[in-house]
Every structure is written in C-alpha cells, then in structure tokens.
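# Fold and contact review
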Amino acid sequence: MRVHPRRAGDFVSGALDRAGALDRARALDAEDPLRELRTRFTMPHGTIYLNSNSLGPPPAEVTARVRETIESEWGTSLSAGWTARGWLDAPERLGDRIAPMIGAMPGEVLVADTTSVALAKLLGAALASRPERRIVVSSTDNFPSDLYAAAHAVNRVGAGLRVVDRSDLPSALDEDVAVCCLSQVDFRTGALLDLPGLTSAAHAAGALVLWDLCHSVGVVPVECQTNRVDLAVGCTYKYVSAGPGAPSFLYVRHDLQETLENPIPGWLGHQDPFRFDLEWEAAPGIRKFLTSTPPVLGLSALESALDVFTGVAIEDVRTKSMALGSLFVDILGAADVPGLELASPASAHERGAQVSLRHPRASELLQSAARRGVVGDLRPPALCRFGLSPLALSYEEVFLGADAVVEAARSLR
Ligand SMILES: Cc1ncc(COP(=O)(O)O)c(C=O)c1O
C-alpha cells in the first residue's frame, strides 16, 4: 500500500507482522482507560463495525430509554408531558450537554432540526447580519449538502458563493466575505482541517466562520470558545451514536445571539409560544433559533447516548482514536497489497476518526470485507471509508477489521 511519509508522534511505527500487530492490539486493550465502554454498545454477533463515520452503533441503554419515554412519559403524562416531563426544554437541556464536547459554554448550543437545515438557518442569519459583505466562502471538498444550502442561502439574497480548493482558502478570504463555511473533517478522506488557523484567517478578513462538526463531535476536541468560533452545526448520529436521523445541534457564540436573527422563525422560538401572538417576538438567547416542535423520541435517544460520554475525557477519546487509526493504517501498510492506497493523511494528527483507502475495485473490496463480517462504506468510485469509534471498538476488533480488509484486497487479485 502506498502511504505518505509518516510524521513523528504517531502511535505505532514501522511495519508490523500479523502476530506483532495482534500482540500490540491486545496490549493496547489492556491499558485502555475506555475499554469498559465497549460493553455498552450492541452489535450483531460476528460483525466488526467500522462505519461510525456514517451511523454510530446503538448503545444498549438507548432502547430502554426510548421505551421508557414512550411507556412512562408519553403513555402516562400524555400531552402534559410537554411541561411535566421537560420535553419542551430538551433542545436547550441537551444543547448544554453537547456544549462541553465542543468547547462551548452553557446556553450556546441548541439541539434542533437536521444538519443541513441548521446550517441553512445559520448561514441565512450570518448573511443578513453582514449586508455590506456579499460572499460566502467554502471548499470544493466540503459536504455537498452544505454547498447546496450555501448556494440557496446566497441566491435568496443576491449574494455569491466562492468555492475554492482547500489550499486556496486563505487567499479567498477578503473584505467581501461575510461567512466562511467549512467542515472540520473532510468526509471523504478524514483529513482534519486547521480549525484554529482558518478561524483566525477568516476573522482577520472580518468574516464570520461556520464550522460543520458532524465528523468531529464525540471524537475530536473542538474548543469553540478558545478559538472564538462564531457558528457551528453538527449531527448526533455518527460518533455520538444517537440513532438514524437523530437531531442535529447548532452553536451560536453568546455575543452573537442578540444580533443574529433566525431566518425560519417558528412558534417554539417565540418569547411566549402559548400566547399565540400574531407577531413573532424572539425568545431570549439560543432558543430563538428553534423553529418547531422538538422530536421527543429522538431527543430521548440522544439523551441516553450522551450518558455514555458522562465522565469521559475527550482527550482520552482522541488519544484512543488516533491510536486505533494508526494501528489500522500500520496493518494495511505492512501488508503492502498492490492497488491499495491510503487516501487519508498518514499522520494520525492530521486525521479525524476515519481512515479512507483507495482501490480501483473499491466496491468489490467492501463486499468481500462484508462477507468477512467487516462493515465499511463506499464513496464511489474508488474510496472505502472506515470510521473507527473509540467508544464502541476495541483495538483487537480494529486489528481483526484491518486483517479482513487485507484478506479482502488480496482476494481481488
Ligand atoms: C459533514 C456532513 N455535513 C452534513 C451532513 C448532512 O446531514 P443531515 O442529513 O443531518 O442534513 C452530513 C451527512 O452525513 C455530513 O457528513
């Protein structure tokens, strides 16, 4: 396998033979401070699940929690549940639980909508707050849905979208730019963008930044406050494991909440929804970005998934995440299968929690891996993505996953 030169600081260096890799994996499991968390996730027997970049696996307690919400809350409180069971407050309550995971303060995060809708809202709000600046900047490797939302947001107000190669971002930031909208982790390659550097470059040009944290939350420390991030969105169905279609979150820094307006105002972002006024009056703080009725069952699954993170230090998660990725890369590198290339940065410091491989027969490779019990996913035509959840995987499972991918690739020759 062709890889880029390795940087100092990686966890596992040098070529590993199979036995050496297995020993290494077992030794890492024995020292792993997060190892007990693996038992909180359920997966079909015999499956090595390496697809948390798409959808995280279910924590076992989510099932019980959702059933309890249906039976003991909805089933007994009925409509009184909106206040008696705290359903109406859940978007802010759960936002406050996500806040420390992205380095934000209480009152800066709201759980609502889906990522694309939340992003469209914040872009609309940011553009409206900067009428003298008419450009949104993004990168060609951003998630397509973000680019669709950005194109729509600029078209609505007669502004323009400047989509450039990632390496050209610093020079694309000038005095016309209202917002720079980027994903912290490249969804194709897992490459980690320089969030602190790009945030300061945007600020130096007088622009706001809006980060998509879908592939960061729960695995990569973000530090929104420290880096003075203005706006962010993210989903909870990948590394947070809150379930298929789980609600997203949006972050608006405290000092911007007064001036930014929700471009899709709805009754639940009203100061007093139950007055049923004809005129919309924004609720104070982050709540004004709420539009609609909270999805209570999805929020209940999210609350339970967040319990898995209680007492877990994001630094430990990142350390394990980098080590899992390095183990996976080293096993594939040592196997040296013709046609198989590393599409992610070789250094764990430059990746999120995902390792991507390039192979001319990527689809067949993944099918062959699936027959061996390993789940990854395809980005056609040639990319195989493997998202390694540090909470839901042991090192030994990652060893077995990488070993099966090697066998699968060899079987295609
Ligand atoms: C980086 C990124 N942004 C946005 C989205 C879209 O999210 P949603 O379906 O919640 O709108 C995804 C979906 O996987 C994603 O990976």
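What comes next is a walk through the structure.

The rules behind these values
The written sequence of each chain sets the order in which its residues are numbered from 1. Owing to the predicted nature of the model, reporting of local features is limited to residues with pLDDT of at least 70; listing and counting of side-chain atom pairs is limited to 80 or more, with chain, interface and lining totals taken over all residues. The basis for the side-chain values is all heavy atoms of the structure; hydrogens and waters are excluded. Note on conventions: DSSP H or I runs of at least 4 residues are helices, E runs of at least 2 residues are strands, and numbering of each starts at the N terminus. Residue contacts follow a heavy-atom distance rule, with two residues in contact if any of their heavy atoms lie within 4.5 Å. Disulfide: a pair of cysteine sulfur atoms within 2.5 Å of each other. Note on classification: 1.4 Å probe, protein chains only; a residue is buried when its accessible area is under 20% of the maximum for its type, exposed when over 50%, partly exposed between these limits. Whether a residue is near a molecule or strand is decided by its heavy atoms; if any one of them lies within 4 Å of it, the residue is near. Under this definition, polar contacts are N or O atom pairs within 3.5 Å; protein pairs additionally need one hydrogen-donor-capable and one acceptor-capable atom, and for neighbouring residues in sequence, both atoms have to be side-chain atoms. Computed by Shrake-Rupley with a 1.4 Å probe, the accessible areas treat only the displayed protein chains as cover when residues are assessed. Any residue outside Ala, Val, Leu, Ile, Met, Phe, Trp, Tyr, Cys, Pro, Asp, Glu, Lys and Arg is labelled polar, Gly included; the first ten of those are nonpolar and the last four are charged. Axes here refer to lines fitted to C-alpha atoms; in helices the fit is confined to the stretch in contact. Angles between the N-to-C directions go from 0 to 180 degrees. The cut-offs work like this: below 35 degrees is roughly parallel, past 145 is roughly antiparallel, 65 to 115 is roughly perpendicular, and the gaps in between are oblique. A pair of strands is labelled paired if DSSP reports no fewer than 2 bridges between them. Call a crossover right-handed when, viewed with both strands pointing away from you, the route from the first strand across the helix to the second goes clockwise. Here a Phe, Tyr or Trp ring, Trp counted by its six-membered ring, pairs with any other such ring whose centre lies within 6.5 Å, and the pair is stacked when the planes are under 30 degrees apart, edge-to-face when over 60, and tilted otherwise.

### What about the side chain of Gln354?
By secondary structure assignment, the location of Gln354 is in strand E10 (residues 354-358). Beyond its immediate stretch of four places on either side in the chain, Gln354 contacts Asn53, Asp186, Phe187, Arg188, Thr189, Gly190, His215, Tyr239, Ser344, Arg385, Phe386 and Gly387.

### A word on the state of the cysteines
Each disulfide is one covalent bond, formed between the sulfur atoms of two cysteines. This structure, assessed with the given rule, holds 0 disulfides. Of all cysteine sulfurs in the structure, the one in Cys180 sits closest to Cys181, which takes part in no disulfide; the separation is 7.6 Å. Lacking any disulfide linkage, Cys224 is separated from the closest cysteine sulfur, that of Cys214, by 13 Å. A residue is classified by how much of its surface remains accessible, and Cys224, at 1% relative accessible area, is buried.

### Quick word on the site of the ligand
Around the ligand, the neighbouring residues are Thr114, Thr115, Ser116, Phe143, Asp146, Asp212, Cys214, His215, Tyr237 and Lys238. Take Tyr237: an N or O atom from its side chain is 3.0 Å from an oxygen atom of the ligand. One of the side-chain nitrogen or oxygen atoms of Lys238 is found 2.8 Å away from an oxygen atom of the ligand. Within the complex, the protein chains bury 82% of what would otherwise be the 390 Å² of accessible surface of the ligand. The class makeup of the residues in the shell around the ligand is 3 nonpolar, 4 polar and 3 charged.

### Some words on the packing of helix H1 (residues 18-31) against helix H12 (residues 395-411)
For the pair H1 and H12, interaxial distance at closest approach is 7 Å and the crossing angle is 155 degrees. With respect to each other, H1 and H12 are oriented roughly antiparallel. Facing Arg18, Ala21, Leu22, Ala25, Arg26, Leu28 and Asp29 of H1, the residues of H12 in contact are Tyr395, Glu396, Phe399 and Asp403. Residues of the contact of H1 with H12, tallied by class, amount to 6 nonpolar, no polar and 5 charged.

### Some points on the pairing of strand E3 (residues 135-139)
Counting buried positions over the 5 residues of E3 gives 5, a clear majority of the element. In E3, alternate side chains face the same way, and those of Ile135, Val137 and Ser139 on one face and Val136 and Ser138 on the other are all buried. Here 5 bridges tie E3 to strand E4 (residues 160-164), and the two strands are oriented parallel to one another. Bridge pairing in E4 places Val136 opposite Leu161. In terms of handedness, the path from E3 via helix H6 (residues 144-156) over to E4 forms a crossover that is right-handed. Examined bridge by bridge, E3 and strand E5 (residues 177-183) share 3 bridges and lie parallel to one another. Bridging from a neighbouring strand, Val136 pairs with Val179 of E5.

### Things to note about the packing of aromatic side chains
Evaluated as defined, the whole model comprises 6 aromatic pairs. Between Trp82 and Trp87, the aromatic rings sit 5.3 Å apart at their centres with planes inclined by 90 degrees, giving edge-to-face as the arrangement. Their ring planes at 75 degrees and their centres at 5.6 Å tell us that Trp267 and Phe274 sit as a pair that is edge-to-face. Exposure remark for Trp267: the relative accessible area of 39% places this residue in the partly exposed category. Classification of Phe274 by relative accessible area gives partly exposed; the value is 47%. Following the ring pairs from residue to residue traces out a cluster consisting of Trp267, Phe274 and Phe276.

### Some remarks on the sheet that holds strand E9 (residues 341-342)
Pairing is antiparallel across the open sheet formed by 4 strands, whose spatial order is E9-E10-E13-E12. A single partner strand is all that each edge strand has here, and the edge strands are E9 and strand E12 (377-379). Bridge count between E12 and strand E13 (residues 383-387): 3 bridges; the pairing is antiparallel. For Arg379, the partnering residue across the bridge sits in E13 and is Leu383. Sheet contacts for helix H11 (residues 362-371): E12 and E13; angle to E13, the most-contacted strand, approximately 40 degrees.

### Observations concerning unusual backbone geometry
Following Pro380, the chain continues to Pro381 via a peptide bond in cis, the omega torsion being 5 degrees. Even without being glycine, Leu78 reaches a positive phi, approximately 50 degrees. For Leu78, the position within the fold is in the loop between helix H2 (60-77) and helix H3 (81-84). Here Leu78 falls in the exposed class, since its relative accessible area comes to 52%. One non-glycine residue, Ser241, lies in positive phi territory at about 60 degrees. Relative to the helices and strands, Ser241 resides in the loop between strand E7 (231-234) and strand E8 (249-252).

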